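A closer look at the structure
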Amino acid sequence: MSKLYKINTKKFIGFLVCLALIILTLPLQAHYNNFSTHFSTYDTIPITLANANDTTVQPKKKDTIKHTVIDTLLISKDSIDAPVKYSASDSGVLIISSKQFILYGSAQTTYKDMELEAATIEYEQDKQTIKAKGSSDTAKDSLKKTKFKQGEMTTLSDSIAYNLQSQKGITYNTYYQEGELFVNAGKLKKADSNIVYAYKGSFTTCNLDTPHFAFRTKKMKIINDKIGVSGPAHPEFEGVPIPLYIPFGIYPLSTGRKSGILPPTFTSSEDFGLGLESFGYYKVINDNIDIITRANLYTYGGWSINTNSKYIKRYKYAGSVNIAFQKNKTLNRVSTKTQDEFNTSSSYMINWSHNRDSKARPGTNFSANVNFGSTRFNQNILNNPYQNFNNQLTSSVAYSKNWNGKYNLSLNLNHNQNNNTHLVNLSLPNTNFNVVTFYPFEKKEAAGTPKWYEKIGIGYTGNFQNRISFYDTAFSTRKLLDTLQWGAEHSIPITLSLPSLGPITIGPSISFQQRWFGQKTHRYWDATDSLVKTTTQKGYYVQNSMSFGISASTRIFGTYQFKKGRVKAIRHEVRPMFGLSYTPDLASKNFYNVQVDTSGRTMRFSEFDGNIYSSYSEGNFGGISFGIDNLLEMKVRDTKDSSVEDKKIKLIDGFGFNSSYNLLADSFALGTFNFYVRSTLFEKINITANAILDPYQVDNFGKRKNVLMVKQGKLGRITSGSLAISTSLSSKSTNGSKENNTSNLPIDPFLTPEEQQRQLDYIRHNPAEYTDFNIPWRLDLSYSLSFSKVLQPDYSGYKTFVYSSINFNGDFSLTPKWKIGATGYYDVKNLKLQQFSMFISREMHCWQLSVNVTPVGLWRSFNIIISPKSGILRDLKINRNRTFSNQ
């Protein structure tokens, strides 16, 4: 009968296992047989305290051990090919006859990239297998699970059997994680290092021990970092099964780009009918290009298709192309005729953005931002109020080149489009060439104090523009050429840098400008029809202008100290400016008077009105220009800690005015006053305002009279102005984070600014899906006001146009799990709420409920979405959409 000796002292486990590895990995079978023969009387090796640290183990029998020379080139077939690290809190047992090694009590082993933790670990050398078991209490409840980790794969099981050579294994009652997917299987079979089969299991993306939801399936296959596939499955919530079955499931586990089908969402609209939206396909062409195609289908016959392709070449360029077509067929709820039952329209939109890396070709740059399409395209987009009210489309394609900082060339193609007036303006190409100021009299090798003429600088700026205008509702190639305009402007500034006279800086200047025009416009009074008519004459026309001037500026500081209180001091900085200039009259020959009504009233016009560049002002100007700029700052001390540095706060970033007085003019000598103010109050409220004040009176038709309004006890009349106030307020984050990231989206450094803007637009439209529950409340407010006086088309006077609006966006938490928010746009001028949307969101750990409602806008809509947070189950959602028209 074999004798079995166990060591219960932790001190000797290391020696025991070292001896086991020496014996189990003996490379020569003969050497192994020699040991077997010598120890034929014993089945196991006893180790005692006396010989625990000896390098030679002495058996009880007094025979002498015969040493055999070992050939290290001959490797035993059952030896392992890498070292094994191990530990155990209780004991280790080595059985030579069966070549087994067993670790008891919190056993741990590491072999290559595999780690194993269990209550008991057993290793069989002949079969190259490892068996591990957990522990349980008297009630058969698990005390310690068996933990197995290989690479990024981790499993927790009751028991494990694993083969080191084939890397195949089987586990029982296993908890397994692959990416965001958590799997619990009654039996889990590991086919190789990448493939796992599960039997009678459940899977979920909830990371709790008792998940809120799971899907039950009989069979499942998982390929590491690629995909998970299941057979028929049904969900259960809080352990309660739901009798809803899916025939199979495919769950992507890879984090890279993969081609695949994009599932649709169901919607309902009174105008479009029932529909499937966002159904499409994503295709990865190669490492640099991918393409997404989505389509919307509606039962009334309408449809739309959108194709977007993104391309990128690292350190070279990046961009995207988006092409969309709409074929709208909406219910006509006004007409009762059969042929007018539906309204049909077609529209399109083309977007292209491109940015070249500055490192690709130093000194040159190319970028594009193209947005061109039908004027009604934005109005026909469902459930997107921000796009519905976007009435301006702009595009720009630009190329620039720099020659060592001396010369700059830029070529631009610009486009702007008004969706209300349907007017489209194309400006292409626009050319700008600039010569940086150079000093022709400066010596190549400076020696001593430079002469005054060495500081004379000369520069050049040239602009050339072309413009085509047309209405997209009445497009015609012939009319298109008739609207073609071109123009150019040249400017040669000459400057002289003089040393400062103490605190005063003086700068003389001379400038020559020239403008080229492609047409002349002549207005005349037609007595027969009693109206002003206009004729246009194409050609090449030139207008010149010169100016001479000298300016002086300085800075004055004043500080008021406070001995007590938090405010330590207030500093006021004044920046006065004064200048003398002379401009000869070179443009009066291009101005003329025209009768504008039957009373004989006349107005003065320029021949170059309506051109790309406006005409220079007529009359001599020889006078002064003046202005004052102010800066107000405050220094605040820390009353609790005197060692803390004082904090500087800007009360007003800038406020002041500027104007001029013409000493040579016989009328209207005093120029208009431009007032402005800029401030960021308390580092929270941004304020920008400006106004133009005209000091002269006007008649009943709005024409200026050479009479100052001071005589009426007034400083003047405001002809135009603007005001913008905005603020963003939020509470402190509950998790201590200083960043207020309401989008919860990863930042992609390769997204172009236009793509980032579209992403932000989607977030603003679907705020409930991107709610940050760590911010208890947040509020964004902005107010804008602008007004100006514009001459009416019949020359009967000036009309004041006023635009005023309030934009708001915010949310607050009703409870730690419930959040409500709203966003909208209020037209102050018309006293009407133009757009309003609100949302309610519920945080449910691994799920999220979102409700978006838009009761006011071009389209009224609501949608309810219940979906998992996990990316691999994002298409497994319950949604309800309804859309109604306000048009």
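Residues numbered from 1 in each chain as written. Predicted model: local features only at pLDDT ≥ 70, side-chain atom pairs only at ≥ 80, totals over all residues. Heavy atoms only, no water.

All right, on to the side chain of Asn466 then. The residue Asn466 is located in strand 30 (residues 456–471) in this model. The buried category is assigned to Asn466, whose relative accessible area is 14%. (Helix = DSSP H or I, 4+ residues; strand = E, 2+ residues; numbered from the N terminus. Buried < 20%, exposed > 50% of the residue type's maximum accessible area, 1.4 Å probe, protein only.)

Within the structure shown, the criterion is met by 28 aromatic pairs. When the ring of Phe237 is compared with that of Trp847, the centres are 5.8 Å apart and the planes differ by 65 degrees; the resulting orientation is edge-to-face. With Phe237 in strand 16 (residues 233–237) and Trp847 in strand 49 (residues 847–856), the pair connects residues that are 610 residues apart, well separated along the chain. According to the relative accessible area criterion, Phe237 is partly exposed, its value standing at 36%. Members of the aromatic cluster, each reached through a chain of ring pairs, are Phe203, Phe213, Phe215, Phe237 and Trp847. Stacked on the ring of Phe701, the Lys or Arg Arg601 has its end atom at 4.0 Å from the ring centre. Positioned above the aromatic ring of Tyr803 is the side chain of Lys829, whose terminal nitrogen or guanidinium carbon lies 5.7 Å from the ring centre. (Phe/Tyr/Trp six-rings, centres within 6.5 Å; stacked < 30°, edge-to-face > 60°. Lys NZ or Arg CZ within 6 Å of the ring centre and 35° of its normal.)

Another aspect to go through is the pattern of salt bridges. For the coordinates displayed, the defined rule picks out 23 salt bridges. Ionic pairing is found between Glu489 and Arg515, a salt bridge with its closest N-O pair at 3.1 Å. You can see Glu489 sitting in strand 31 (residues 485–496) and its partner Arg515 sitting in strand 32 (residues 505–526), a full 26 residues away along the chain. Like Arg515, Glu489 is buried. Lys819 serves as the salt-bridge partner of Asp811, at 3.4 Å between the closest nitrogen and oxygen. One exposure class covers both Asp811 and Lys819, and it is buried. (Salt bridge = Lys/Arg side-chain N within 4 Å of Asp/Glu carboxyl O.)

Before going further, it helps to spend a moment on the layout of surface pockets. Quantified by volume, the second largest pocket comes out at close to 1700 Å³. The wall of the second largest pocket is formed by 45 residues, among which Phe591, Ser617, Glu618, Phe668 and Arg704 lie closest to the centre. Of all the elements in the fold, those that place two or more residues in the lining of the second largest pocket are strand 33 (531–553), strand 36 (591–595), strand 37 (602–606), strand 39 (647–662), strand 44 (717–730), strand 45 (777–791) and strand 46 (798–813). By residue number, the principal contributor to the lining of the second largest pocket is strand 37, which donates three residues. (1 Å grid on protein atoms, 1.4 Å probe; cavity = no way out; pocket = protein on both sides within 12 Å on 5 of 7 lines; lining within 4 Å. Points joined across faces, edges and corners; volume = space filled by probe spheres on them.)

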